[in-house]
Every structure is written in structure tokens, then in C-alpha cells.
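Structural overview for review
Chain by chain, the residues:
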Amino acid sequence: MVVLLLISLISCSNKRSNTPRVLVFSKTADFHHSSIPAGIKAIQALGAKNGFEVDTTTDDNKFAEDSLKKYAALIFLSTTGNILNGNQENALERYIQAGGGFVGIHAATDAEYDWGWYGRMIGAYFVNHPAQQEANLIINDKKHPATDSLPDTWRRKDEWYNFRFVNKDLKVLISIDEKSYTGGKNGDAHPMSWYHEFDGGRVFYTELGHTDESYSDPLYLKHILGGIKYAMGDNTSDYKKAHTALAPDEKGFTKTQLVQGTFFEPTELTVLPNLDVLVSQRRGEIYYYNNETKKIKQAGFLKVYFKTDAPGVNAEEGLLGIKADPDFAKNHYVYMYYSAPDTPMNRLSRFTFEKDTIQPGSEKMILQFYEQRDICCHTGGSIAFGPDKSLFLSTGDNTTPFDEPNQKYTTQGYAPLDDRPGHLQYDERRSSGNTNDLRGKILRIKVKEDGGYEIPEGNLFPKGNPKARPEIYVMGNRNPYRISVDPKNGFLYWGEVGPDANVDSFKVRGPRGYDELNQARKAGFFGWPFFIGNNFPYYEYDYATGKSGTAFDPAKPINNSRNNTGLTELPPAQPAFIWYPYAVSTHEFPSLGSGGRTAMAGPVYYSDLYPSNTRYPSYYDGKMFFYEWMRGFIKAVSMKPNGDYDKMEPFMPHTKFNSAIDIEVGPDGRFYVLEYGTGWFSKNPDAGLVRIDYKK
């Protein structure tokens with residue numbers, strides 16, 4: 001009897017108050033439906049008549065565990081856009097996992113596009129809709145409380161959504177007959193209302209409810225009442241079943257300044273095994289930060305090409321990248337990528353660092369390739385090593401993105417495709433789109449002890465093809481400025497700085513500009529200058545006549561430029577991992593906001609690789625850190641087990657970073673952040689080196 005009593009008490013402890021309570025959440029970050037007040041009033045009336053209490057809010061701060069625990073169901077009433085972030089999202093996941101209920105009404109599918117769990121939970125994402133009109137709804141399940149009082153065919157007027165990413169596990173209650181109205185895009189099985197059990201909880205969604213009149217329609221009110229009752233269940237929860245972890249409090253992280261006011265255009269850093277740091281500067285200096293003495297000194301200088309005499313041109317070349325060898329503790333090798341001063345070549349070389357100095361005369365030139373000088377822009381220049389010690393090097397497209405003076409027809413911020421004689425620097429296909437050119441690429445090689453290199457298995461093109469360079473791992477890059485490699489699975493990540501067109505020019509030039517964060521699980525072609533973003537195609541364009549040709553085909557890209565020295569038919573184009581324009585990308589990654597764009601790829605984190613006293617919490621295991629030089633944020637990106645994108649959340653959102661240009665994880669498991677500072681081509685007082693410390 002004692003055991004039975006204990007079991008009874010434990011069961012009762014999961015029971016909420018005797019009267020179920022629901023929370024109606026109606027925050028909108030995008031379109032605001034005028035029917036929301038009518039919906040709130042109707043749900044309150046349903047609660048009063050049917051024995052449940054109703055709270056209402058637009059405050060996302062309610063999404064904390066202590067607050068959500070008391071609710072039998074959450075009702076998202078025409079919520080739109082990016083309405084939750086960080087631990088608010090985690091709190092909703094934990095609420096559902098604890099057995100909570102969720103009701104989505106109408107525009108609730110028009111929210112949280114860059115949070116994969118939400119999309120799977122609610123069941124689909126909104127794409128678009130035709131004008132409001134009458135249509136026939138087909139009742140697929142008459143046994144559910146949300147539909148048991150509805151006629152077999154229900155004709156009504158509303159705003160009918162088209163959906164994407166429809167969860168295949170949904171139990172569809174109502175579908176719409178696309179033959180009964182115009183504008184449907186989901187075919188014969190076009191769902192309008194559904195339910196399912198998901199991640200421990202109960203979920204109901206109805207697309208219906210755009211109009212004010214819906215909330216005085218008895219049939220519609222019975223419909224949503226049945227959904228609410230289903231979602232409330234037996235009004236119990238068990239948070240022992242919640243498995244989503246909560247993110248560490250930002251207060252545990254500290255931005256520790258190691259160096260400030262010393263650097264003049266720093267480009268990349270590398271952390272040595274003893275936690276000393278080397279920093280490259282575009283004009284050729286190499287700085288050395290001594291972790292023991294906390295002092296910084298110049299450790300070397302490379303004479304580099306960093307300034308042009310061409311009028312009106314800002315050169316971006318110079319000393320662009322630096323990285324210590326994976327076996328630095330044994331061999332003291334450091335790799336640098338720079339623009340040679342005496343020949344139009346960009347060069348990857350190996351140096352020896354000993355006695356706090358880059359040893360004079362130690363240079364071993366590994367590879368070099370031609371670049372067109374006295375033009376702007378795009379250099380790439382990041383160096384990274386894979387788990388197998390392969391060296392990755394990013395290279396820019398070396399192409400002018402600006403309009404050519406005194407020309408009637410110009411690029412206008414779209415893809416530069418001018419292959420007329422005498423316009424070489426305005427033709428992107430000669431470099432990024434050229435399989436026989438190392439510009440606009442990410443290369444992968446295995447450096448040998450003598451300074452030569454081998455081609456690893458799995459690069460994009462095999463050895464021996466006179467029209468394709470075997471060093472190429474990824475092609476179709478514009479400015480892959482910062483790269484990283486997952487230290488466990490070897491996936492390559494890079495930020496791709498995109499073109500400047502502000503508006504789409506479909507049928508004429510192509511899409512507006514996007515920056516990209518990209519992921520390569522294997523070698524591939526990633527589109528530029530034929531495609532951008534989610535494989536949005538550009539059009540062939542005649543710069544002599546201003547006439548557009550056909551759109552490029554991502555399944556079979558053709559490089560027919562007169563300046564192309566490589567293969568004509570390119571590999572199929574791979575879409576971007578994350579893409580975003582100057583404006584808010586409403587239906588893709590709204591949490592990125594709007595503004596300037598300079599995408600950068602940071603590290604993928606694994607706490608088990610680092611000492612327990614300095615590493616970050618395991619919450620960040622497997623997350624990829626993506627940062628923005630212009631917008632100033634750092635985001636932690638979560639992925640599914642196969643590597644697909646799943647979620648993005650802020651990291652240290654209340655901390656200011658002064659144009660972070662490189663982030664590396666040190667051997668201590670802490671982030672080292674190189675800040676370029678807020679001015680261009682100058683010695684910025686806020687440029688510096690910082691370390692992100694975490695205190696448990």
C-alpha cells in the first residue's frame with residue numbers, strides 16, 4: 001500500500017491545477033493579422049464555456065520553463081516571423097517533450113523559418129497564398145473532436161495557404177479541393193488542418209482563421225475547440241522527459257582583451273600549442289603574442305603587394321592568411337598565403353617559427369598562381385587543416401564587381417559576365433567558373449616534408465586532365481574569406497561574400513545579392529557566377545547589346561566564355577547552406593535580420609577535445625559557429641546527424657565585437673577572436689585580439 005501511495009503521489013505531482021489553463025501567444029514580427037483580437041476574444045469565450053482558463057500575451061519572455069509549466073496547451077494565434085530566440089526556443093522544445101500541447105492557428109506556419117524543430121513540430125511552412133475566395137474543404141477524419149461536427153464537404157471563404165516541407169507523419173483532418181478555387185499549389189493531397197504526436201507532446205494545427213468572420217462561425221469555433229481539447233490532453237506534464245538542453249547563460253562568458261590598439265589591418269590568427277598566438281597583417285607584418293608574458297611583438301615581416309598605383313582602386317591583396325602546422329610542436333612550421341611583391345602571383349609558403357621569430361630564409365614556396373593586378377577585389381586567403389592534416393586554402397575570384405566606366409551596359413551588382421575582348425577583369429567565368437584556374441576556389445592538398453605537395457583522394461577533378469586543376473576541392477566561389485573544417489567529420493565550411501544587387505531582376509539579369517554560409521561534405525561546384533543562394537540562376541547577358549539570354553541550368557552549368565580555359569560543362573551546382581540578402585530573408589533565415597553582409601565561417605565545437613577546466617559546455621558540441629563582420633553577431637548553428645541545417649541561435653548577443661575577422665578555437669577549448677576594428681584600410685584603435693573565457 002505504501003508503494004501504491006508513492007506511485008499515486010508521483011503521478012499527482014505531474015498534474016497541473018484542476019482547471020486547465022492555456023496561453024494564447026500572438027506576437028508578430030512580420031505581417032500582423034487584423035483578426036487577432038477577434039480570435040483572442042473567441043478563445044476566451046470558449047474557455048469560459050468549456051472549463052479552461054485563458055491567458056494572453058505578445059511577450060516572448062513568457063517562454064521560460066517556470067512560466068510554461070502551468071499551461072495545458074500553448075496557442076500560437078497567427079504568429080509571424082522570428083518570434084522566439086535562444087533559450088526561448090529551447091524552452092518550447094522542453095515544454096513539448098514534457099508532454100505539453102500546442103495549437104497553431106492560421107499564420108502560425110508563417111513563423112520561425114530557421115528553426116527546423118518548429119517546422120517539423122507545427123507540420124509545414126507557409127509559402128504563399130492566392131486572393132481570399134470560397135473553396136471546398138474535404139473532411140478526411142470525422143472521428144477527431146476538431147472535425148466530428150463538420151459536414152463531409154465544408155464550403156467556406158478564407159485565405160488558403162500553400163505549404164512546403166510538409167511533415168509526412170501528419171494525421172490530416174481537413175484537406176482542400178484545389179479544383180474548387182484558383183491558386184492551389186500542393187496538389188490533390190493539400191492539407192488544411194492536421195494533428196500529430198511529436199517529440200512527446202500533442203500538436204494541432206488549422207490553416208483556417210484569417211478572417212474576423214471565422215471567430216463568430218459556430219462550425220469554426222467547434223473546430224478549434226476540438227483542437228484545443230486534444231492539445232490539452234489530461235493536463236499533466238513530466239519534465240524528466242525533456243531532453244533539449246538549455247543554453248549556458250551569457251553571463252558565464254567573458255570577453256578578455258589580450259591585445260588592443262596595436263594592429264594595422266589584421267587578417268588571420270593561429271593559436272600555437274602553448275597558447276601563444278601569431279597574427280598576420282595585410283601589409284606584411286606577423287605579430288607574436290606571448291601567453292606567458294602577455295606581451296606582443298613583431299615576429300617577422302613579408303614584403304607583399306598590398307597597394308596599387310592604379311587611380312580609384314583599393315587593393316585588397318597582401319598577407320592574407322596564416323596557420324600553424326598540425327604538428328607544430330615538433331616541426332615549428334607556419335603556413336602563410338600572400339601576394340608576391342615582384343610578380344603577379346599569389347603564393348602559399350611554409351616558414352619556420354623559432355625563438356619568437358619567423359626565421360629569415362626559411363621560406364618553402366608550396367604553390368603559386370597568377371592573379372590580375374591593379375584591380376579590385378576579392379582575395380579569399382584563409383588556411384585550415386582537416387582531421388587527416390590536409391591543407392585547405394581559399395582563394396578569391398580576382399574580379400571587379402563594380403560597373404565599368406564609360407559603358408552603356410554594365411554589371412549593376414549582378415554576376416560579372418562580360419567576356420568581350422578588353423574587358424577581362426569583368427568576366428567572372430575566367431576565374432571562379434574556370435576549372436583550369438585556381439582563383440575563386442578552395443584548394444585541398446597534402447604538404448610533403450620537402451615542401452612539395454600531393455593531391456588527396458576525393459578532390460573535384462582527377463589528376464591528368466589538362467583542363468581541370470586537381471588541387472580544386474570546391475569551385476564556384478566569389479570571396480570565401482574565412483573557412484573552417486570540422487575536426488571530427490572533415491566537413492568544410494566557408495563564408496561567401498556576395499554581390500551587391502539590391503533587387504531581383506528575374507528574366508533579365510538574375511537574383512539580388514546574397515551572402516552565403518556554405519558546407520561541403522565532399523568536393524563540389526557551388527555555383528558562382530552562374531548561381532547564388534538556393535541555386536537562384538543568373539542569365540546570360542550580352543554587354544554589347546544589353547540583351548539577356550537564357551537562365552543558367554544548375555543541373556548542367558555551361559561555361560561558354562571566350563576567356564574560359566577549362567571545361568565547358570561544369571559539375572552540377574550545389575545550393576548554399578545558409579543565404580541572406582541585405583534585407584530580411586523572411587521565408588528563409590529571418591533571425592539574421594538586415595544590413596551589411598560579410599559572412600564568415602568559424603569553428604565547429606566539441607568539448608571532449610579540450611581540457612575540462614577551460615572548455616565550453618557540452619551544449620555546444622557539434623555546433624558550427626557562424627559570424628558576421630558587418631552585422632556584428634556570432635551564431636551557433638545546429639545540424640541534424642547527417643549535417644543538414646536545423647537551427648540557428650545567438651552566441652553572446654549582448655557582447656560587442658569590433659568587426660571580427662577570424663575566430664579560432666585554441667588548444668584550451670576557448671575562442672580566440674581577431675578584431676579588425678571599425679575603420680577600413682586603417683590602424684583602428686578598437687582592433688585587437690580577445691579570448692572568450694567561460695566560468696562554470
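Everything below is about the structure printed above this text.
Here's a quick rundown of the structure.

Parameters at a glance
- Residues numbered from 1 in each chain as written.
- Predicted model: local features only at pLDDT ≥ 70, side-chain atom pairs only at ≥ 80, totals over all residues.
- Heavy atoms only, no water.
- Axes fitted to C-alpha atoms, helices over the stretch in contact; angles between N-to-C directions.
- Helix = DSSP H or I, 4+ residues; strand = E, 2+ residues; numbered from the N terminus.
- Parallel < 35°, antiparallel > 145°, perpendicular 65-115°, else oblique.
- Left-handed = near helix turned anticlockwise from the far one by under 90°.
- Contact = heavy atoms within 4.5 Å.
- Core = buried A, V, L, I, M, F, W, Y, C linked by side-chain atoms within 4.5 Å.
- Buried < 20%, exposed > 50% of the residue type's maximum accessible area, 1.4 Å probe, protein only.
- Pairing = 2+ DSSP bridges.
- Disulfide = S-S within 2.5 Å.

Digging into the packing of helix H2 (residues 36-50) against helix H6 (residues 218-232)
Between H2 and H6, whose axes approach to 11 Å, the crossing angle comes to 65°. Classified by the angle their axes make, H2 and H6 are roughly perpendicular. Relative to H6, H2 is oriented so that their crossing is right-handed. Counting all contacts with H2, which are made through Ala42, Ile43, Leu46 and Asn50, the residues of H6 involved are Leu221, Ile224, Leu225, Ile228 and Lys229.

Details of the environment of Phe385
Structurally, the position occupied by Phe385 is in strand S24 (residues 380-385). C-alpha of Phe385 to C-alpha of Ala324: the two residues are 61 residues apart in sequence and 9.2 Å apart in space. Ignoring anything within four residues of it in the chain, the contact list for Phe385 reads Lys323, Ala324, Asp325, Pro326, Tyr335, Ser390, Leu391, Phe392 and Val485.

So, the nonpolar core
Counting 75 residues, the largest nonpolar core has Leu74, Phe76, Leu92, Ile105 and Tyr118 as the members making the most contacts within it. With 8 residues, the top contributor of residues to this core is H6. Excluding its chain neighbours within four sequence positions, the residues that come into contact with Ile105 are Ile43, Ile75, Phe76, Leu77, Ser78, Tyr205, Thr206, Leu208, Tyr215, Tyr220 and Ile224.

What to know about the sheet that holds strand S37 (residues 578-580)
One open sheet holds the 4 strands; their spatial order is S29-S30-S31-S37, and the pairing between them is antiparallel. Each edge of the sheet is formed by a strand with only one pairing partner; in this case those strands are strand S29 (480-485) and S37. Taking the axes of each pair of neighbouring strands and ignoring which way they run, one obtains an average angle of 15° across the sheet. Judged from the 3 bridges that link them, strand S31 (residues 515-520) and S37 form a sheet pairing that is antiparallel. When the sheet's bridge partners are listed, Glu516 is paired in S37 with Trp579.

Some words on the state of the cysteines
All chains considered together, the criterion is met by 1 disulfide. The partner cysteine of Cys376 in its disulfide is Cys377, sulfur to sulfur 1.5 Å. The S-S bond linking Cys376 to Cys377 shows a torsion near 75°; that makes this disulfide right-handed. Note on Cys376: relative accessible area 10%, which makes it buried.

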